[in-house]
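# Coordinate analysis (summary)
Here are the chains, one letter per residue:
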Amino acid sequence: AGMEGSGDASRAVADWRLAVWTLCSVLLPVLITAWCSFQRSRRQLLIRDIFRKSKHDWHYTDLFGQPSYCCVCAQHILRGAFCGCCGLRVSERCLKKADQRFLCKEIMVRGAAGALSSMPHHWIRGNVPLCSCCMVCKQQCGTQPKLCDYRCVWCQYTVHDECMVDCLRTEDCTFGEFKDLIIPPYYLSTINQMRKEKRTNYEKMVPYCRKHWMPVMVLANTRSGNNMGETLLGEFKMLLNPIQVFDLSKIAPAKALQLCTWLPCNAVRVLVCGGDGTVGWVLDAIDEMKIKGQERYIPQVAILPLGTGNDLSNTLGWGAGYAGEVPVEQILRNVMEADGIKLDRWKVQVTNKGYYNLRKPKVFTMNNYFSIGPDALMALNFHAHREKTPSLFSSRIINKAVYFFYGTKDCLVQECKDLNKKVELELDGERIELPNLEGIIVLNIGYWGGGCRLWEGMGDEPYPLARHDDGLLEVVGVHGSFHCAQIQVKLANPVRLGQAHTVRLILKSSKMPMQVDGEPWAQGPCTVTITHKTHALMLYHSGEQTDDDDASSLSE
């Protein structure tokens, strides 16, 4: 009995030990994971706190795109933080030291005895751009695998460690290649003082006494098309004064454009990074400036196409879409070299039918085109699905594929057939007899539907030239989605209904899809009236023209 009792006791001890070890083997990884998670969360909170309080524009990355070295400890780093304005790169553990030790680009500076008229270079050591050359010896910089060489955050000049002399540290910065586009910090300080003294002769304060100063503002929509806006914001902040670069997801265009009132009249150029909808948003804000009596500060507008369609951008020579293939430096050169032109803008008024309708007419501003029929139906279906699952529509290719799907579907269903029996069309007060149609499109610009020159068609028939600054609209009809597809690949011509200064369309019965510049809705019986509203000052870039665009070159 004693032996059995001792055996039971030993088994109990063994079972207890097994239970303890099992518990430890389960709890220990859990505790280690929880501890690491706590430390990581604590570290992220500290990093976010530094980011929030810092004057640097810090961003965190898990992998730098090129060999990088910490600006504090000079060690090679794969991940860490970088400043989107001055280009500093730092490891996570050195972030606080770097934030305290190094100054970022200042958007506004003031001397001890008053306003400045020049400023020295602002040198940052290490991580110079690839293939950059020393301003002293003209040899390549950044070739050694360590933290070496210097770069000025304003003029972008680079200098070898051994070529850096004391005179370069105190030498006045010339602001480099883009001096005609940059707003110097000391200029803003001077203008701020002049505004306090209620003086408005800003022309006398043009920096460096340059005749061709044309400061540029960059307005980027980070939600447009292929989501490149965030990257572009950082690249433009590196080359320009950060105060010139705006994120339209955080600040409205109307507020951003007030910077124009700090600059000489008729001198500013605005680069809109986004789709045609973003461009329309900015042009509406410019119209508000006219209403406020700020017409002399109206800027000229260039476009960097990030949207899906980009028809207005294509018409003005800026291309059908940007995917990072052109360096940001070349984009700024294109903005400097672009020519000013005018763009007609139109008022679209939609008045619902009915004697007892007390609602105000819907009023839109049109830059590109108005349509009723299959293309509006495709846009309506596309927008409905994008609102349900916006995360799926972050790629230009996916967006066009969805449009193709709905176009193919409409070829089979033909939801807009017999449109000619449902509508009446008047051009400059004259009623037009309509053939059998499914859609009517009113064009202000040369391109439609993501790159199709609709008015020209195959180009094998004589037709009046279409311009975007002549106060005339081109009106065409289409027989359906399949006809639209044929026109896009130059296998068919549209039904040209005419040109007019005023277009009136009456929808007599049923509900039909309509769109203005890609913004669709379903519309019941109504009267649509399109009249000229105003002109917008745009910039035309001839470098993106293709052989297809010979006719549009006359639009300049």
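The shown structure was predicted, so the numbers you read here are calculated from the model rather than taken from an experiment. (Residues numbered from 1 in each chain as written. Predicted model: local features only at pLDDT ≥ 70, side-chain atom pairs only at ≥ 80, totals over all residues. Heavy atoms only, no water.)

### Points about the overall build of the protein
- When helices and strands are counted, the protein shows 13 helices and 24 strands.
- Counting contacts in the protein only where the partners sit at least 6 residues apart, residues at least 24 apart contribute 70% of the total.
- As displayed, the protein has an accessible area near 27,700 Å², and 55% of this comes from carbon and sulfur atoms. (Helix = DSSP H or I, 4+ residues; strand = E, 2+ residues; numbered from the N terminus. Contact = heavy atoms within 4.5 Å. Areas by Shrake-Rupley, 256 points an atom, 1.4 Å probe, with all protein chains shown as cover.)

### Topic: the confidence of the model for the protein
- Mean pLDDT over the protein works out to 84, with 86% of the residues at or above the 70 mark.
- Counting contacts from residues 544–556, a segment whose pLDDT is below 50, to residues more than four positions away or on other chains yields 26 contacts. (pLDDT = per-residue confidence, 0-100.)

### Observations regarding unusual backbone geometry
- Here the phi dihedral of Ala74 falls at roughly 65°; this positive angle occurs in a residue that is not glycine.
- Within the fold, Ala74 resides in the loop between strand 2 (68–69) and strand 3 (76–77).
- Accessibility expressed as a relative area gives 35% for Ala74, which makes it partly exposed.
- Phi at Asn266 takes a positive value of approximately 55°, unusual for a residue other than glycine.
- Assignment of secondary structure puts Asn266 in the loop between helix 6 (253–256) and strand 11 (269–274). (Buried < 20%, exposed > 50% of the residue type's maximum accessible area, 1.4 Å probe, protein only.)

### Some details on the pattern of salt bridges
- Evaluated as defined, the whole model comprises 13 salt bridges.
- The salt bridge partner of Glu426 is Arg504, with a shortest N-O separation of 3.4 Å. Highlighted residues: Glu426 in strand 16 (residues 423–427) and Arg504 in strand 21 (residues 503–507), separated in sequence by 78 residues.
- Arg467 is paired through a salt bridge with Asp469; the nearest N and O atoms lie 3.1 Å apart.
- Assessed through its relative accessible area of 30%, Arg467 is described here as partly exposed.
- Each of Asp284, Asp287, Lys290, Arg345 and Lys533 takes part in salt bridges that share partners, so that together they form one network. (Salt bridge = Lys/Arg side-chain N within 4 Å of Asp/Glu carboxyl O.)

### Looking at the environment of His483
- Within the secondary structure, His483 is located in helix 13 (residues 481–488).
- Along the primary structure His483 and Pro494 are separated by eleven residues, whereas in three dimensions their C-alpha atoms are 8.1 Å apart.
- Beyond its immediate stretch of four places on either side in the chain, His483 contacts Gly477, Val478, Ala492, Asn493, Pro494 and Val495.

### What about the packing of aromatic side chains?
- The tally for this structure, following the rule as stated, stands at four aromatic pairs.
- Taking 5.7 Å as the distance between ring centres and 70° as the angle between the ring planes, the aromatic pair formed by Trp154 and Phe175 counts as edge-to-face. Remark: Phe175 occurs in the loop between helix 3 (166–170) and helix 4 (185–196) and Trp154 occurs in the loop between strand 7 (150–152) and strand 8 (158–159); sequence separation between them is 21 residues. Taken as a pair, Trp154 and Phe175 share a single burial class, namely buried.
- An aromatic cluster is built from Trp154, Phe175 and Tyr186, whose rings are joined through pairwise contacts.
- The ring centre of Trp455 lies 5.9 Å from the NZ or CZ of Arg496, which sits over that ring. (Phe/Tyr/Trp six-rings, centres within 6.5 Å; stacked < 30°, edge-to-face > 60°. Lys NZ or Arg CZ within 6 Å of the ring centre and 35° of its normal.)

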